[in-house]
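Structure at a glance
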Amino acid sequence: MNSLRTKLLLLLLAIISAAWVATAVFIYFDAHHEIDELFDAQLAQSAQVLLAQAGHDLKDAREDDDGIAAEIGGAGHKYERKIAFQIRDEHGSLLLRSASAPVDAMATQESGFADAVIEGKPWRVYTLKDEEGEIRVQVGERHEVRNELAASVAQRLLLPLGVALPVLAVLIWLAVGKGLSPLRRISSEVAQRDPANLAPLEGHGVPVEIASLLHALNDLLERLDRALESERRFTADAAHELRTPLAALKIQAQVARRAESEAQRLAALDNLIVGVDRATHLTGQLLTLARLEPTAGSTVMMASCDVAAIARQVLADLAPAALEKEIELELASPAAATIKGNADMLAILLRNLVDNAIRYTPRKGRVDVSLIVEQGRVRLEVLDSGPGIPEQERQRVFDRFYRILGSEAAGSGLGLSIVKHIADVHAASLSLGSGENGIGLRVSVDFSPDSA
Amino acid sequence: MRLLLVEDDPLLGDGVRVGLQQSGFVVDWVKDGQAAKLALQAGAYALVVLDLGLPRLSGTELLKWLRGTGNGTPVLILTARDTVADRVNGLDSGADDYLIKPFDLDELSARIRALLRRAGGRAAPLIVHGQLEIDPATRQVTLAGKPVELSPREYAILLVLLENAGRALSREQLEQSLYGWGDEVESNAVEVHIHHLRRKLGTELIRTLRGVGYLVDKA
């Protein structure tokens, strides 16, 4: 299970344990060092005491001694077994030794401290001679004593850890829990939210670390809200826009029923068919726009597209419509014009522009489509010989459902909205102008070299 | 009766115009608010059918202008806007009735007749004048219980005279109510029609005031 609390707990416990153990180790060595000094001092002192006390006696006793050392029995302190001493004369013969000392010299050194191995065990030996050089005292103890003491100190430090760790664990668990409570509060707040409620979340008294998450969340909520709002508006607009075409259908049908003459009936029925075609076209445009709207941004599939090929296809499709109105439809383009884009969308864009041009151009007019490739930039232009768009309306025509006054042509008012949308997705710039000799409309789409 | 239709959609406008003509009205059709203004300034209409969603001058603005000039011509609104707020706004701006698209042609005709009835000061649908009875819905005319056949133009003139009973209407005024913009007016058509009416309905009904026009006395 991936839990912040558990992670923190384990991490903190690990750090504490590691620190504790490191301290214990450090103290072991530090204490050991101090103990060494202390014991060395004691050793030296013992030697001096021995020399002072026994040396003198032994000198006197030597007159009637045959050289064999007397033993001194061990007793008392628990450490004593490991402390040993030897007293020798200037010839090296053993005069006196402790019970725990060996017979041979403990260390070869003439004076001072030395580390020696006696019977396989490490010893610390101190050698001291009297002023005349007649007596040599050697005092030694096993390192083991010192190690034990240092270890004992370190152990005393580690022992509490065993007890403290579970207690610490519980305390840390609670503390972390408390620290993470703002997260819990926010997640419960979000969980209780009504899906329709996209208002921002409360941000007061929120810790810095969570603040950025909260901010990002509120940002997302706002974007969602706007997207939903845009969709609602779109649906409302669409339904609204369909009313008039539907009204026309109903009325024409009723006129056909009440017709006073066959001619009138036929005219009404013809109008009815035109009306259905118009409503169909509008519905198609609405669907296209609806499919495009959510893609304002990221997830559009982009690939290398040949705009020239797309243009040829679109013109081929629309040629019959142009022919019916006796409009001259021409394409001027290089063999290929490649940009990075979405082929389907580009086809829709071209289709809408050329379709518009054909619709609004009167009979026997012209529609010219041209592709210009210049320094890696592709420019698409659609010119027609229709009424054009007056300058003051050029900004508004991209609004949905906006139609120019007096335009008899059965358009939906959505074509340019769709074109603008696709241009935006491709990061292409769109501009309107006048056609040849100031007549008609010129629509220019400039695709940047690395569109999107 | 001459109506002004203000509708920008070509198919709907055509349908409504033909449909209302089928119902016996004469219809002038304009496609934007400015043109409507000019038409209203130029001629007298019995009623205006007005679409609110117009280019150039919105329907509501046109309505406010119309009422502002003191013009009381009945106005029936056609619109796609269906919220209560829109309805209230439309009626408060001076409309007399309201139809939401899509609507029924028969209902439109009936509502127009109702508005004309009220404008003519009548409450009952039937127009009764002495022995004369007219049902505007069916355009049936009966005199003393016996049905009378009238041509569309004769009917129209009779109706206008009866709606304006007690007032003399000049030849020009009668022509105005009979003919739309596209129609050819024969020079003495009105006299001919009056003549026919007198023949069919009796000579006392329609009086001639020399130099003024024709009138029908109040019942």
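Residues numbered from 1 in each chain as written. Chains lettered and ligands numbered in written order. Predicted model: local features only at pLDDT ≥ 70, side-chain atom pairs only at ≥ 80, totals over all residues. Heavy atoms only, no water.

Attention now goes to the interface of chain A and chain B. Each partner contributes to the interface: chain A provides 21 residues, whereas chain B provides 27 residues. Between chain A and chain B the total buried area reaches about 2100 Å² when both faces are included, carbon and sulfur atoms providing 57% of it. Where chain A touches chain B, the interface holds 2 salt bridges. A salt bridge links Asp9 of chain B to Arg278 of chain A, with the nearest nitrogen and oxygen atoms 3.0 Å apart. Viewed at the interface, chain B and chain A are joined by 15 residue pairs in polar contact (both at pLDDT 80 or more). When contributions to the side of chain A that touches chain B are tallied by element, the ones reaching two or more residues are helix H4 (208–257) and helix H5 (262–292) of chain A. It is H4 of chain A that provides the largest number of residues to the side of chain A that touches chain B, a total of 11 residues. The residue inventory of the side of chain A that touches chain B, partitioned by class, reads 8 nonpolar, 7 polar and 6 charged. (Contact = heavy atoms within 4.5 Å. Buried area = accessible area lost by both parts, 1.4 Å probe. Salt bridge = Lys/Arg side-chain N within 4 Å of Asp/Glu carboxyl O. Polar contact = N/O pair within 3.5 Å; in protein donor to acceptor, adjacent residues only side chain to side chain. Helix = DSSP H or I, 4+ residues; strand = E, 2+ residues; numbered from the N terminus. Nonpolar A, V, L, I, M, F, W, Y, C, P; charged D, E, K, R; others polar.)

How two helices pack is summed up by the angle between their axes together with the distance between the axes. Residues and elements named next belong to chain A. Look at H4 against H5: their axes get within 8 Å of each other, and the N-to-C directions meet at 170 degrees. When the axes of H4 and H5 are compared, the pair comes out roughly antiparallel. Crossing of H4 over H5 shows left-handed handedness. In the contact of H4 with H5, the residues fall into 18 nonpolar, 4 polar and 4 charged. (Axes fitted to C-alpha atoms, helices over the stretch in contact; angles between N-to-C directions. Parallel < 35°, antiparallel > 145°, perpendicular 65-115°, else oblique. Left-handed = near helix turned anticlockwise from the far one by under 90°.)

On to the nonpolar core. With 56 residues, the main nonpolar core has Leu20, Leu108, Ile112, Ile134, Leu158, Leu161 and Leu174 of chain B as its most contacted residues. Listed in part, the 49 residues of the second largest apolar core include Ala238, Ala322, Ala428 and Leu441 of chain A. (Core = buried A, V, L, I, M, F, W, Y, C linked by side-chain atoms within 4.5 Å. Buried < 20%, exposed > 50% of the residue type's maximum accessible area, 1.4 Å probe, protein only.)

Moving on: the pattern of salt bridges. All names here are of chain B. This structure, assessed with the given rule, holds 34 salt bridges over all chains. Arg111 is the partner of Asp97 in a salt bridge, and the nearest nitrogen-oxygen pair spans 3.0 Å. Of this pair, Asp97 sits in strand S5 (residues 97–100) while Arg111 is found in helix H5 (residues 105–119), placing the two residues 14 residues apart along the sequence. Residue class for Asp97 comes out buried when judged on its relative accessible area of 15%. The closest approach of N and O atoms between Glu175 and Arg171, which form a salt bridge, is 3.1 Å. One end of the pair, Glu175, and the other, Arg171, are both in helix H7 (residues 171–178), 4 residues apart, so they sit about a helical turn from each other. With a relative accessible area of 17%, Glu175 lands in the buried category.

Time to look at unusual backbone geometry. Each neighbour pair has its own omega, and for Lys101 of chain B with Pro102 of chain B the value is -5 degrees, a cis peptide bond. Mapped onto the fold, Pro102 of chain B is located in the loop between S5 and H5. The backbone of Glu326 of chain A shows a phi angle near 55 degrees, a positive value even though the residue is not glycine. Relative to the helices and strands, Glu326 of chain A is located in the loop between helix H6 (307–324) and strand S8 (328–332). With a phi angle near 60 degrees, Arg139 of chain B is a residue other than glycine that sits in the positive phi range.

If you walk through the whole model with that rule in mind, you get 2 aromatic pairs over all chains. On the numbers, 5.2 Å between centres and 80 degrees between planes, the contact of Tyr28 of chain A with Phe29 of chain A is edge-to-face. Residue Phe29 of chain A is classed as exposed on the basis of its relative accessible area of 55%. The interplanar angle of 40 degrees and the centroid separation of 4.7 Å between the aromatic rings of Phe113 of chain A and Tyr126 of chain A together place this pair among those described as tilted. Note that Phe113 of chain A is positioned in strand S4 (residues 112–118) and Tyr126 of chain A in strand S5 (residues 121–129), a separation of 13 residues in sequence. Judged by its relative accessible area of 12%, Tyr126 of chain A is buried. The ring of Trp29 of chain B has Lys31 of chain B sitting right over it, with the charged end atom 4.4 Å from the ring centre. (Phe/Tyr/Trp six-rings, centres within 6.5 Å; stacked < 30°, edge-to-face > 60°. Lys NZ or Arg CZ within 6 Å of the ring centre and 35° of its normal.)

Residues and elements named next belong to chain A. In this fold, Ala427 is placed in the loop between helix H8 (415–425) and strand S12 (429–434). Accessibility expressed as a relative area gives 46% for Ala427, which makes it partly exposed. Residues Ala427 and Asp446 lie 19 residues apart in sequence; the distance between their C-alpha atoms is 8.9 Å.

Another point: the sheet that holds strand S6 (residues 127–129) of chain B. Residue and element names in this part refer to chain B. The strand order across the open sheet built from 4 strands is S6-S7-S8-S9, with neighbouring strands paired in antiparallel fashion. Sheet topology places S6 and strand S9 (146–148) at the edges, where each strand pairs with a single neighbour. The mean inter-strand angle of the sheet, taken between neighbouring strand axes irrespective of direction, is 25 degrees. Of the strand pairs in this sheet, strand S7 (residues 132–135) and strand S8 (residues 140–143) are connected by 4 bridges, and their pairing is antiparallel. What sits directly across from Asp135, in S8, is Gln140. Running at roughly 110 degrees to S7, helix H6 (residues 152–163) makes contact with S6, S7 and S8 of the sheet. (Pairing = 2+ DSSP bridges.)

This part covers the sheet that holds strand S10 (residues 366–374) of chain A. Within a sheet, neighbouring strands are paired by backbone hydrogen bonds and run either parallel or antiparallel to one another. Residue and element names in this part refer to chain A. The sheet built from 5 strands is open, its strands ordered S8-S10-S11-S13-S12 with mixed pairing. If you trace the sheet from one side to the other, it starts and ends with S8 and S12, each paired once. The sheet shows a mean angle of 15 degrees between the axes of neighbouring strands, direction not considered. Bridging between S10 and strand S11 (residues 377–384) involves 8 bridges; their strand directions are antiparallel. If you follow Val367 over to S11, its bridge partner there is Asp384. Together, S8 and S10 form the strand contacts of H6, whose direction differs from that of S8 by roughly 175 degrees.

Next up on the list: a nonpolar patch on the surface. Taken together, the side chains of Leu8, Leu11, Leu12 and Ile15 of chain A present a nonpolar region at the surface, about 340 Å² in accessible area. When you line up the elements, Leu11 of chain A lands in helix H1 (residues 4–61). (Patch = residues over 30% accessible without salt bridge, like charges linked within 9 Å, V, L, I, M, F, W, Y side chains within 5 Å. Areas by Shrake-Rupley, 256 points an atom, 1.4 Å probe, with all protein chains shown as cover.)

Right, let's talk about the side chain of Asp32 of chain B for a bit. Counting through the fold element by element, Asp32 of chain B comes out in the loop between strand S2 (26–30) and helix H2 (33–42). Of the polar contacts made by the side chain of Asp32 of chain B, one reaches the backbone nitrogen of Gln34 of chain B; its length is 2.8 Å.

Take the environment of Gln48 of chain A next. Residues and elements named next belong to chain A. Mapping Gln48 onto the fold places it in helix H1. Residue Gln48 is classed as partly exposed on the basis of its relative accessible area of 45%. With 89 residues separating them in the primary sequence, Gln48 and Val137 have C-alpha atoms 8.3 Å apart.

Here we come to the packing of H5 of chain A against helix H7 (residues 343–360) of chain A. Residue and element names in this part refer to chain A. Close contact between H5 and H7 brings their axes to 12 Å; oriented N to C, the two are set at 145 degrees. Crossing of H5 over H7 shows left-handed handedness. Of the residues in H7, those in contact with His281, Gln285, Thr288 and Leu292 of H5 are Met345, Ile348, Asn352, Asp355 and Arg359. Split by residue class, the contact of H5 with H7 holds 3 nonpolar, 4 polar and 2 charged.

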